[in-house]
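# Structural features, examined
In case you want the letters, here they are:
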Amino acid sequence: MAHKYKLIYFDRRGRGEVARLLFAAAGVEYEDFRFKKEEWPKYKGTTPFGQCPVLEVDGKPLTQSNAIVRHLAREFGLAGKTAWDQAQVDMILETMQDIANPISVICLCKDEEEKHALKATYEEETLPRYLEAVQKILAANKDGKGFLVGDEMTVADLSLFWTLDCIPVMVKNPTAKFPKLQEFRDRIAAVPNIAAWLEKLPKTADWDNSNVEHNP
Amino acid sequence: MAPKYKLVYFDVKGRGELARLLFAVAEVEYEDYRFKEEDWPKLKGDTPFGQVPVLEVDGKPLAQSNAIARYLAREFGLAGKTAWDQAQVDMIVETMQDMGNPVIPIFMCKNEEEKAKLTKTYAEETLPRYMEALQKILVANTEGKGFFVGDEMTLADLALFASFDWFEAGAKNPLEKFPKLQEFKDRIASCPKIAAWLEKRPKTEF
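How each quantity is defined
- Residues numbered from 1 in each chain as written.
- Chains lettered and ligands numbered in written order.
- Predicted model: local features only at pLDDT ≥ 70, side-chain atom pairs only at ≥ 80, totals over all residues.
- Heavy atoms only, no water.
- Helix = DSSP H or I, 4+ residues; strand = E, 2+ residues; numbered from the N terminus.
- Buried < 20%, exposed > 50% of the residue type's maximum accessible area, 1.4 Å probe, protein only.
- Lys, Arg positive; Asp, Glu negative; His and termini not counted.
- Salt bridge = Lys/Arg side-chain N within 4 Å of Asp/Glu carboxyl O.
- Polar contact = N/O pair within 3.5 Å; in protein donor to acceptor, adjacent residues only side chain to side chain.
- Pairing = 2+ DSSP bridges.
- Axes fitted to C-alpha atoms, helices over the stretch in contact; angles between N-to-C directions.
- Contact = heavy atoms within 4.5 Å.
- Parallel < 35°, antiparallel > 145°, perpendicular 65-115°, else oblique.
- Left-handed = near helix turned anticlockwise from the far one by under 90°.
- Nonpolar A, V, L, I, M, F, W, Y, C, P; charged D, E, K, R; others polar.
- Core = buried A, V, L, I, M, F, W, Y, C linked by side-chain atoms within 4.5 Å.
- pLDDT = per-residue confidence, 0-100.

### Side note on the environment of A:Lys44
If you trace the backbone, A:Lys44 turns up in helix H2 (residues 40-44). Between the C-alpha atoms of A:Lys44 and A:Ile137, which are 93 residues apart in sequence, the distance is 39 Å.

Listed below in structure tokens is the structure:
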């Protein structure tokens, strides 16, 4: 019997979106439970670590966005076909964290001078280094015309797709110098299940400061 | 034929130690390649993302410490027995990031007053909140006398064990109020294969 899935998260894309993209890509039903920011104190104590998203599978909780994402990817056959492919997919998921996490840190920085310096480092060094490396991986696989790992879509592709959408809040036009990544982004957006989700997804604030999560 | 493993990292525990613990527990041979800090600029360009550790498996590179750890754990049967167990193990490994990340700004902070404030928040709020949650998970599994997930040691146990030193860099005596976690730490340290590794490993500060 099919599992009953419930994803519990804020009413935003943020750290819940890759899970939602996985459900969309796999065509699997789930309850997309979204609460408002002011409701969080009510839910916080019921979660394993005082954090969300939480994925309930037949009522049992799993937290940590990446653990959720990897679990769903494996369940849906989107984790990579071989052990080595799965490791490469995993490496890319981790790298997406390295790209996205500094954005939160910079947004939350209170000292203007430090913020400015951090942003400059991110824009001029950190981000280009990662995007270059990711583009190289993409280009090495079917000349960049397909997916990041193997012959079929994996969660690595969905995670990169989402991360590319997150970056502009900090650095405009991040793929300007990375044409293969831009083509990739457009290609994933055009995949029917993904296009349908993008059309349907609640038009919440995309990635503004309210999306930046701080775990005190 | 058994794969040929080479772990490439600085001569520190840091983000390489979890992989080393996995090799030790699984009793699998590998080359524990440690380079000096001054050699890093030379090696950096050869890595997938300009970072280490990198695990070479039959010469093919895998970067990102947690991707390496999860790969080895799966290869060595230490990832969790069922899909759900693996997810729970994964959840705990991810939590190590949340617990460990605040240590970096504390280290880097140059203003003594600010540093004291950050340390206080970490030691009195952040870390205890996670420790409490982890102890609860441990106790719910065989009354805290065993492992975090299932009946056998997994990556989750090793990840927490490897992280204690890191937490202590940000907060003194983090296990003071968490006796079951202290017992857990002692229990893991005394497992023969781990004890042997702790004895044998190069003694580095971090």
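### Some details on the side chain of B:Asp98
If you trace the backbone, B:Asp98 turns up in helix H4 (residues 83-100). Here B:Asp98 is buried and forms no salt bridge, its nearest opposite-charge partner A:Arg15 lying at an N-O distance of 6.6 Å. A polar contact is formed between the side chain of B:Asp98 and the side chain of A:Gln64, at a distance of 3.0 Å.

### Structural notes on the sheet that holds strand E2 (residues 31-35) of chain A
All names here are of chain A. The strand order across the open sheet built from four strands is E2-E1-E3-E4, with neighbouring strands paired in mixed fashion. This sheet does not close on itself; its edge strands, each paired only once, are E2 and strand E4 (60-63). Strand after strand, the sheet turns through a mean of 25 degrees between neighbouring axes, direction not considered. Against the sheet, helix H3 (residues 65-75) touches strand E1 (5-10), strand E3 (54-57) and E4, its axis set at about 115 degrees to E4.

### Thoughts on the packing of helix H4 (residues 83-108) of chain A against helix H5 (residues 112-140) of chain A
All names here are of chain A. Running from N to C, H4 and H5 cross one another at 165 degrees; their axes reach a closest spacing of 10 Å. When the axes of H4 and H5 are compared, the pair comes out roughly antiparallel. Considering how the two elements wind past one another, H4 and H5 form a crossing that is left-handed. Taking contact as the criterion, the partners of Met91, Ile92, Thr95, Met96, Asp98, Ile99, Pro102, Ile103, Val105, Ile106 and Cys107 in H4 are, on H5, Lys115, Leu118, Lys119, Tyr122, Leu127, Tyr130, Leu131, Val134 and Ile137. A per-class count over the contact of H4 with H5 returns 16 nonpolar, one polar and three charged.

### A short note on the nonpolar core
Where a protein is soluble and globular, its nonpolar side chains tend to be buried together. Core analysis: the biggest nonpolar cluster contains 127 residues, and B:Leu72 and B:Phe148 have the highest contact counts within it. The element contributing the most residues to this core is H4(A), with 11 residues. With sequence-adjacent residues up to four places away left out, B:Leu72 is seen in contact with B:Tyr5, B:Ala19, B:Leu22, B:Phe23 and B:Leu55. Formed by seven residues, the second largest nonpolar core is a distinct cluster that contains A:Ile8, A:Tyr9, A:Phe10 and A:Trp40.

### Points about the confidence of the model for chain B
Keep in mind that low pLDDT regions are not for reading the predicted coordinates in detail. In the predicted model, chain B carries a mean pLDDT of 94, and 100% of its residues have values of at least 70. The ipTM for the predicted assembly is 0.92, set against a pTM of 0.93.

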